[in-house]
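Descriptive analysis of the structure
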Amino acid sequence: MYNKKDNALIQFADATQAQQAMQNLNNVKLLGKPMKITFSKHSQVAMPKEGSESGLTKIFSNSPLHRFKKPNSKNFHNIYPPSEVLHLSNIPLEVPEERVREIFDEHGFRLVAIKFFLKEKKMALAQMESIEESVEALIKLHNFQLSANHHLRVSFSKSVIQQPQQQHQQ
């Protein structure tokens, strides 16, 4: 918002999507502060008048990278609250695991673990050190260009990465 730089108005396609976002994101830390998410008194986001654009208002509804444009898309069934584990998809087969690790590292994120799907090599699970770090990684790396025709898709996962069992000595 123009007068409150640490506030934003976000308009969803419907109330159900707004409710789900509020449930999943309220009090989740972003940049060290918990996000406070409530319904607005405004019914829609007002676009700036022609010629007075401040760069603060953006429309994402027609973006080719928007995952929730199509009604009843399978993407709606894969919305989960923030977790330490991210689901990565749309990874070209020619991009090796090491390159994916480098991308996280180049953006200041330390992967605890990464596991590519055995049957579908274009997808992987990536575990971060904390939920806060996974939120920031999603923000920075979703739609990261991996190749001329592939942008990384990042979402929160309900899955966990199984760590190998370690033997305990007595």
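Structure shown above.
Residues numbered from 1 in each chain as written. Predicted model: local features only at pLDDT ≥ 70, side-chain atom pairs only at ≥ 80, totals over all residues. Heavy atoms only, no water.

**Digging into the environment of Arg110**
We count it as follows: A helix here means a DSSP run of H or I that spans at least four residues, while a strand means a run of E at least two residues long, and both kinds are numbered starting from the N terminus. Contacts are assigned to residue pairs with any non-hydrogen atoms lying within 4.5 Å of each other. Polar contacts here mean pairs of N or O atoms no more than 3.5 Å apart (in protein, one a potential hydrogen donor and the other a potential acceptor; neighbouring residues in sequence count only if both atoms are side-chain atoms).
As for its position among the elements, Arg110 is in the loop between helix H2 (97-106) and strand E4 (113-116). Linking Arg110 and Glu133, residues 23 residues apart in sequence, is a C-alpha distance of 8.9 Å. What Arg110 contacts, discounting residues up to four positions off in sequence, is Gln127, Met128, Glu129 and Glu133. Among the polar contacts listed, one links the side chain of Arg110 to the side chain of Glu129, at a separation of 2.7 Å.

**Focus: helix H1 (residues 15-25)**
Convention followed: Buried means the residue's accessible area, taken with a 1.4 Å probe over protein chains only, is under 20% of the maximum for its type, while exposed means over 50%, and partly exposed covers the values in between.
Those residues of H1 that sit buried are Gln17, Ala18, Ala21, Met22 and Asn24. Regarding H1, its N-cap is Asp14, as a side-chain oxygen of that residue lies 3.0 Å from the backbone nitrogen of Thr16 further along. One or two steps after H1, the chain reaches Asn27, where phi turns positive at roughly 70°.

**Quick word on the pattern of salt bridges**
Two side chains with opposite charge may pair up if their charged atoms get near one another. Stated formally: Salt bridges are defined by distance alone: a side-chain nitrogen of Lys or Arg within 4 Å of a carboxyl oxygen of Asp or Glu.
Under the definition given, this model contains four salt bridges. Of the charged contacts, one joins Glu97 and Arg101 as a salt bridge, the two residues approaching to 3.3 Å between their closest N and O atoms. With Glu97 and Arg101 both in helix H2 and four residues apart, this pair spans about one turn of that helix. Using a relative accessible area of 35% as the deciding quantity, one classes Glu97 as partly exposed. Beyond isolated ion pairs, a larger network of salt bridges with shared partners links Arg99, Glu102 and Glu106.

**Side note on the sheet that holds strand E8 (residues 153-156)**
What counts here: A pair of strands counts as paired when DSSP detects no fewer than two bridges linking them. Only the stretch in contact is used when fitting a helix axis, every axis being a line fitted to C-alpha atoms; angles between N-to-C directions are given from 0 to 180 degrees.
What the four strands build is an open sheet, ordered E4-E5-E3-E8; its pairing is antiparallel. The open sheet is flanked by E4 and E8, the only strands paired with a single partner. The average angle at which neighbouring strand axes cross in this sheet is 20°, direction not considered. Bridging between E4 and strand E5 (residues 124-127) involves four bridges; their strand directions are antiparallel. Paired with Ala113 across the strands is Gln127, a residue of E5. Where H2 meets the sheet, it contacts strand E3 (85-89), E4 and E5, and its direction lies at approximately 145° from that of E4.

**What about the nonpolar core?**
Nonpolar side chains in soluble globular proteins tend to be buried together. Selection criterion: In plain words, nonpolar cores are sets of buried Ala, Val, Leu, Ile, Met, Phe, Trp, Tyr and Cys residues tied together by side-chain atoms within 4.5 Å.
Counting 23 residues, the largest nonpolar core has Leu86, Leu88, Ile91, Val100 and Phe104 as the members making the most contacts within it. Among the secondary structure elements, those contributing two or more residues to this core are E3, H2, E4, E5, helix H3 (131-141) and E8. Among the elements that make up this core, the one with the highest residue count is H3 (four residues). Excluding its chain neighbours within four sequence positions, the residues that come into contact with Leu88 are Val100, Phe104, Ile114, Lys122, Met123, Ala124, Ala126, Leu152, Arg153 and Val154.

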